[in-house]
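Letter by letter, the chains look like this.
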Amino acid sequence: MLTINLLQALPKTPLWERLARDGRIADDPELESNVRFLRPYGEVVAAWRRCIAHAYAPERLFARFRHQVDTTYTHRILPPVRGRLTIANLQQGAVLGFRILTRVGIKSDYRRYFWRAAAYAFKRGQIDAALGMGFVAHHLIQFSREALRGEQNASFYSTHERENHKPHSFAA
């Protein structure tokens, strides 16, 4: 999975100290980062937007997940299942599975890419991987679309809140 952020210097880190010494810490709530970049700020943000638009495009995202079915998921170390199978867990799993299948597999505009990757995982007996990829992909796709509209921060570490933004979820 790719996590693409603008650089955000965290206090009490070597990066923060170095940038502070160089006068490159910004305290402007209008900016997406607290770093004064060497390149023009607008160019940096535009490059970030191009990156997330490209990387989180549904066809590319699900192609990477499909690749992971063979290269990563088959090599996972699974913890013992003992004691985890309860009625409550089964109900939660069924609800989450239903929501993924309806929101991603039926209602989304990227359902074709989801089903292609999910079918690939199902054929290899990796139902959990198919549901997991649907869940993660949905959130990454929604995040990138919101970010491209200016409704999300360019860094997961940003302390700035976006106004009028309701996070997407599978909760309701």
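Residues numbered from 1 in each chain as written. Predicted model: local features only at pLDDT ≥ 70, side-chain atom pairs only at ≥ 80, totals over all residues. Heavy atoms only, no water.

**Student:** Any chance you could break down unusual backbone geometry for me, citing the residues and the numbers?
**Tutor:** With the exception of glycine, the majority of residues adopt a negative phi angle, and the majority of peptide bonds are in the trans configuration. Positive phi, normally seen in glycine, also occurs at Lys 12, with a value near 65 degrees. Relative to the helices and strands, Lys 12 resides in the segment before helix 1 (14-21). Taking relative accessible area as the criterion, Lys 12 reaches 81% and is therefore assigned exposed. (Helix = DSSP H or I, 4+ residues; strand = E, 2+ residues; numbered from the N terminus. Buried < 20%, exposed > 50% of the residue type's maximum accessible area, 1.4 Å probe, protein only.)

**Student:** Describe the packing of helix 3 (residues 58-71) against helix 5 (residues 111-123), naming the residues involved and giving the relevant values.
**Tutor:** Where helix 3 meets helix 5, the closest approach of the two axes is 9 Å, and the angle between their N-to-C directions is 5 degrees. Between helix 3 and helix 5, the angle is such that the two are roughly parallel. Between helix 3 and helix 5, the contacting residues are Pro 58, Glu 59, Phe 62, Arg 66, Val 69 and Asp 70 on the first element and Tyr 113, Phe 114, Arg 116, Ala 117, Tyr 120 and Ala 121 on the second. Residue composition of the contact of helix 3 with helix 5, grouped by class: eight nonpolar, no polar and four charged. (Axes fitted to C-alpha atoms, helices over the stretch in contact; angles between N-to-C directions. Parallel < 35°, antiparallel > 145°, perpendicular 65-115°, else oblique. Contact = heavy atoms within 4.5 Å. Nonpolar A, V, L, I, M, F, W, Y, C, P; charged D, E, K, R; others polar.)

**Student:** Residue-level account of the nonpolar core, with values.
**Tutor:** Of all hydrophobic cores here, the largest spans 31 residues; its most connected members are Trp 48, Tyr 56, Leu 61, Phe 62, Phe 65 and Met 133. Secondary structure elements with two or more residues in this core: helix 2 (41-55), helix 3, helix 5 and helix 6 (127-148). Here this core takes eight residues from helix 6, the largest share from any one element. Setting aside its immediate chain neighbours within four residues, Leu 61 contacts Ala 55, Tyr 56, Ala 137, Leu 140 and Ile 141. (Core = buried A, V, L, I, M, F, W, Y, C linked by side-chain atoms within 4.5 Å.)

Taken by themselves, the reported measurements are silent on function.
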